[in-house]
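Coordinate inspection notes
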Amino acid sequence: MSYCHLTISERTKIEVLKGIGYSCRAIAQKKKCGARSKFTDQLRKVIEKKLKATWSPEQIVGSLFQGKLSFKTIDR
């Protein structure tokens, strides 16, 4: 599991928002966290076509994406 520490400015923003009455949930929703998905509609169509042709997620990743996409992403 990877994580990153909060910067001083992020901590300050949280403190200010908490001080004016924001809930923890509301504060957490103010920024889109995490890496952007590489999964697009175009990729979805290609992957669905291969899955219907009885390819496994591992075969799809190995032959088409060479490590640029995880088979776990396909499973999801």
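Presented here is an overview of the structure given in this document. (Residues numbered from 1 in each chain as written. Predicted model: local features only at pLDDT ≥ 70, side-chain atom pairs only at ≥ 80, totals over all residues. Heavy atoms only, no water.)

1. Quick look at the overall build of the protein chain
Note the threshold: Put simply, DSSP marks the helices as runs of H or I at least four residues long and the strands as runs of E at least two long, and each gets a number from the N terminus on. Only protein chains enter the area calculation, which uses a 1.4 Å probe; residues under 20% of their type maximum are buried, those over 50% are exposed, and those in between are partly exposed. By definition, residues are in contact when any of their heavy atoms lie within 4.5 Å.
Looking only at helices and strands, the protein chain has 5 helices and 0 strands in total. Helices (α) and strands (β) of the protein chain occur, in sequence order from the N terminus, as α-α-α-α-α. Looking at the protein chain as a whole, 14% of its 76 residues are labelled buried. Across the protein chain, every contact between residues at least 6 apart in sequence was considered, and the portion connecting residues at least 24 apart equals 11%.

2. As for the pattern of salt bridges
The condition is simple: Here a salt bridge means any side-chain nitrogen of Lys or Arg lying within 4 Å of a carboxyl oxygen belonging to Asp or Glu.
Under the definition given, this model contains 2 salt bridges. Glu48 is the partner of Arg44 in a salt bridge, and the nearest nitrogen-oxygen pair spans 3.3 Å. One end of the pair is Arg44 and the other is Glu48, both in helix α3 (residues 41–52) and 4 residues apart, which spans about a single turn. Through salt bridges with shared partners, a single network forms among Asp41, Arg44 and Glu48.

3. Things to note about the packing of aromatic side chains
Any pair of aromatic rings gets described here by the distance separating the centres and the angle formed by the planes. In plain terms, the rule: Think of it this way: a Phe, Tyr or Trp ring, Trp meaning its six-membered ring, pairs with another when their centres are within 6.5 Å, and the plane angle makes it stacked under 30 degrees, edge-to-face over 60, tilted otherwise. Geometrically, a charge over a ring is one whose NZ (Lys) or CZ (Arg) sits within 6 Å of the ring centre while staying within 35 degrees of the ring normal.
Here the structure, examined in full by the defined rule, presents 0 aromatic pairs. Cation over ring: Lys50 sits above Trp55, and NZ or CZ is 4.4 Å from the ring centre.

4. A word on the nonpolar core
Convention followed: Put simply, buried Ala, Val, Leu, Ile, Met, Phe, Trp, Tyr and Cys residues joined by side-chain atoms within 4.5 Å make one nonpolar core.
One finds Leu43, Ile47, Ile60, Val61, Phe65, Leu69 and Ile74 forming the largest nonpolar core, which totals 7 residues. For this core, the secondary-structure elements that each account for two or more residues are α3 and α4 (57–65). It is α4 that provides the largest number of residues to this core, a total of 3 residues. Sequence-distant contacts of Phe65, defined by excluding residues within four places in its chain, comprise Leu43, Ile47 and Ile60.

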